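# Residue-level structural notes
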Amino acid sequence: QQQVKQSPQSLIVQKGGISIINCAYENTAFDYFPWYQQFPGKGPALLIAIRPDVSEKKEGRFTISFNKSAKQFSLHIMDSQPGDSATYFCAASNQGTSYGKLTFGQGTILTVHP
Amino acid sequence: SQTIHQWPATLVQPVGSPLSLECTVEGTSNPNLYWYRQAAGRGLQLLFYSVGIGQISSEVPQNLSASRPQDRQFILSSKKLLLSDSGFYLCAWSVGLADPLRLHFGNGTRLTVT
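In every chain, residue numbers begin from 1 and rise along the written sequence. Chain A is the first chain written and ligand 1 is the first ligand written, with later ones labelled in order. With pLDDT at 70 or above as the cut-off, local features in this predicted model cover only qualifying residues; side-chain atom pairs require 80 or more to be listed or tallied, and sums for whole chains, interfaces and linings still use all residues. With hydrogens and water excluded, all non-hydrogen atoms of the structure serve as input to the side-chain values.

It is characteristic of soluble globular proteins that their nonpolar side chains tend to be buried jointly. Residues belong to a common nonpolar core when they are buried Ala, Val, Leu, Ile, Met, Phe, Trp, Tyr or Cys residues joined through side-chain atoms within 4.5 Å. Per-residue accessibility, obtained with a 1.4 Å probe over protein chains only, is compared with the maximum for each type, and a residue is labelled buried under 20%, exposed over 50%, and partly exposed between these values. Core analysis: the largest hydrophobic core is formed by 24 residues, its most contacted members being A:Phe33, A:Trp35, A:Phe73, A:Leu75 and A:Tyr88. If you list the elements that add at least two residues to this core, you get strand S2 (10–14), strand S3 (19–25), strand S4 (33–38), strand S5 (45–50), strand S7 (62–67), strand S8 (72–77), strand S9 (86–92) and strand S11 (108–113) of chain A. At 4 residues, S9(A) tops the list of elements feeding residues into this core. Residue contacts follow a heavy-atom distance rule, with two residues in contact if any of their heavy atoms lie within 4.5 Å. Setting aside residues no more than four positions away along its own chain, A:Leu75 makes contact with A:Ser19, A:Ile20, A:Ile21, A:Trp35, A:Leu47, A:Ile48, A:Phe62, A:Thr63, A:Ile64 and A:Tyr88. In terms of nonpolar packing, the next biggest core, distinct from the first, is built from 21 residues, B:Leu11, B:Leu19, B:Leu21 and B:Leu81 among them. The way it works is that DSSP assigns letters per residue, a run of H or I at least four long becomes a helix, a run of E at least two long becomes a strand, and they are numbered from the N terminus.

Encoded structure:
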């Protein structure tokens, strides 16, 4: 019940295209859903996050869509750029009881071709 | 500003040898500290977390242990390494009562057990 399932494992997109990564969770106690971006040889860094009281959050070219009834959320990268090539992780936590512990998805390797 | 230091960057150790990975945080007090392991295709797995000096919680049974001898120092250890301990180890910190939660990761240690 603590799992977060992420798909696809890898994604290839042309420059200017839309990248979409999906995640699903089971634990209805989760109330915080961040996305992390990781470049090779570096640790992950927080990209954008959402709480279940809203269905969408946008920051620049990055948008999280959240479907509470389906227990799914997704990351959309508009106008994808070669510099967006990285591994993306979705995650979830129960902020009230988890001491900040995040359950991560398996990761998606995004490659944006010029 | 806050920074996190993790070393070494890479490590090759024989089976049965001991392990000590160190992580230190600067610029913040009483952080929550975490050790994660990243395996290919399996995302980020939380190994240990700590909310204060000497307070360690283990998330999964394993051949590893963690200690927090000082407020901003977190150490990952093993008495005898196994082949299955190979992986990418990431230390992270967060502010204890931050909302929303943001994990700040180090650049990791690539451990290869031969």
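Our focus in this paragraph is the pattern of salt bridges. Residue and element names in this part refer to chain A. Think of a salt bridge as a Lys or Arg side-chain nitrogen and an Asp or Glu carboxyl oxygen that are within 4 Å of each other. Here the structure, examined in full by the defined rule, presents 5 salt bridges over all chains. A salt bridge links Lys71 to Glu26, with the nearest nitrogen and oxygen atoms 3.8 Å apart. A residue pair is termed long-range when its members are at least 10 positions apart, and Lys71 in the loop between S7 and S8 and Glu26 in the loop between S3 and S4 qualify at 45 residues. Given the relative accessible area of 23%, Lys71 is considered partly exposed. We note a salt bridge from Lys57 to Glu59, for which the minimum N-O separation is 3.7 Å.

This part takes up the side chain of A:Asp84. Residues and elements named next belong to chain A. Its location among the elements puts Asp84 in the loop between S8 and S9. Taking relative accessible area as the criterion, Asp84 reaches 5% and is therefore assigned buried. Reaching out from Asp84, the side chain makes a polar contact with the side chain of Arg61 at a distance of 2.8 Å. Non-local contacts of Asp84, meaning those with residues more than four positions away in its chain, are made with Gln37, Arg61, Phe62, Ile77, Asp79, Leu110 and Val112. Any N or O atom pair separated by 3.5 Å or less is treated as a polar contact, with the protein-specific requirement of one donor-capable and one acceptor-capable atom, and with residues adjacent in sequence counted only for side-chain atom pairs.

Counted as a void, the second largest pocket has a volume near 500 Å³. Here a cavity means grid points, on a 1 Å grid over the protein atoms only, where a 1.4 Å probe fits yet cannot get out; a pocket means an open set of points with protein on both sides within 12 Å along at least five of seven lines; lining residues are those with an atom within 4 Å of a point. If you trace the second largest pocket, you find 27 residues lining it, with A:Gln38, A:Thr87, A:Phe89, A:Ile109 and B:Gln38 closest to the centre. Secondary structure elements with two or more residues in the lining of the second largest pocket: S9 and S11 of chain A. Note on residue classes: Ala, Val, Leu, Ile, Met, Phe, Trp, Tyr, Cys and Pro are nonpolar, Asp, Glu, Lys and Arg are charged, and everything else, Gly too, is polar. Residue composition of the lining of the second largest pocket, grouped by class: 10 nonpolar, 14 polar and 3 charged. Grid points are joined across faces, edges and corners, and a volume is the space filled by probe spheres set on the points.

So, about the sheet that holds strand S1 (residues 3–7) of chain B. Where strands meet in a sheet, backbone hydrogen bonds hold them as pairs that are either parallel or antiparallel. Residue and element names in this part refer to chain B. Strands are treated as partners if at least two bridges between them are detected by DSSP. Overall, antiparallel pairing links the 4 strands, which are arranged S1-S3-S8-S7 in an open sheet. Two strands in the sheet have a free side with no partner beyond their single neighbour: S1 and strand S7 (65–70). Here the strands of the sheet are splayed against their neighbours by 20° on average, with no regard to which way each runs. Lines fitted to C-alpha atoms define the axes, with helix axes restricted to the stretch in contact, and inter-axis angles between N-to-C directions lie between 0 and 180 degrees.

Attention now goes to the environment of B:Asn63. Residue and element names in this part refer to chain B. Relative to the assigned elements, Asn63 resides in the loop between strand S6 (55–58) and S7. Accessibility expressed as a relative area gives 27% for Asn63, which makes it partly exposed. With 20 residues separating them along the chain, Asn63 and Gly43 place their C-alpha atoms 19 Å apart. When sequence neighbours within four positions are dropped, the list of residues in contact with Asn63 reads Ser77, Ser78, Lys80, Leu81, Leu82 and Asp85. Separated by 3.0 Å, the side chains of Asn63 and Asp85 make a polar contact.

On the side of chain B, 23 residues touch chain A, which itself brings 19 residues to the contact. Put simply, buried area is how much 1.4 Å-probe accessible surface two parts lose in total, over both of them, once they are put together. Interface area for chain A against chain B, summed over the two sides, is near 1,700 Å², with a carbon-plus-sulfur share of 55%. At the junction of chain A and chain B, the tally comes to 1 salt bridge. Salt-bridge contacts for A:Lys101 lead to B:Glu59; the nearest nitrogen and oxygen are separated by 3.4 Å.

Here we take up unusual backbone geometry. Between A:Ser7 and the following residue, A:Pro8, the backbone shows a cis peptide bond with an omega angle of -5°. Mapping A:Pro8 onto the fold places it in the loop between strand S1 (4–7) and S2. In this model, B:Trp7 is joined to B:Pro8 through a cis peptide bond whose omega is 0°. Within the secondary structure, B:Pro8 is located in the loop between S1 and strand S2 (10–13). Unlike most non-glycine residues, A:Lys71 shows phi in positive territory, near 55°. With a phi close to 45°, A:Asp79 is a non-glycine residue in the positive phi region.

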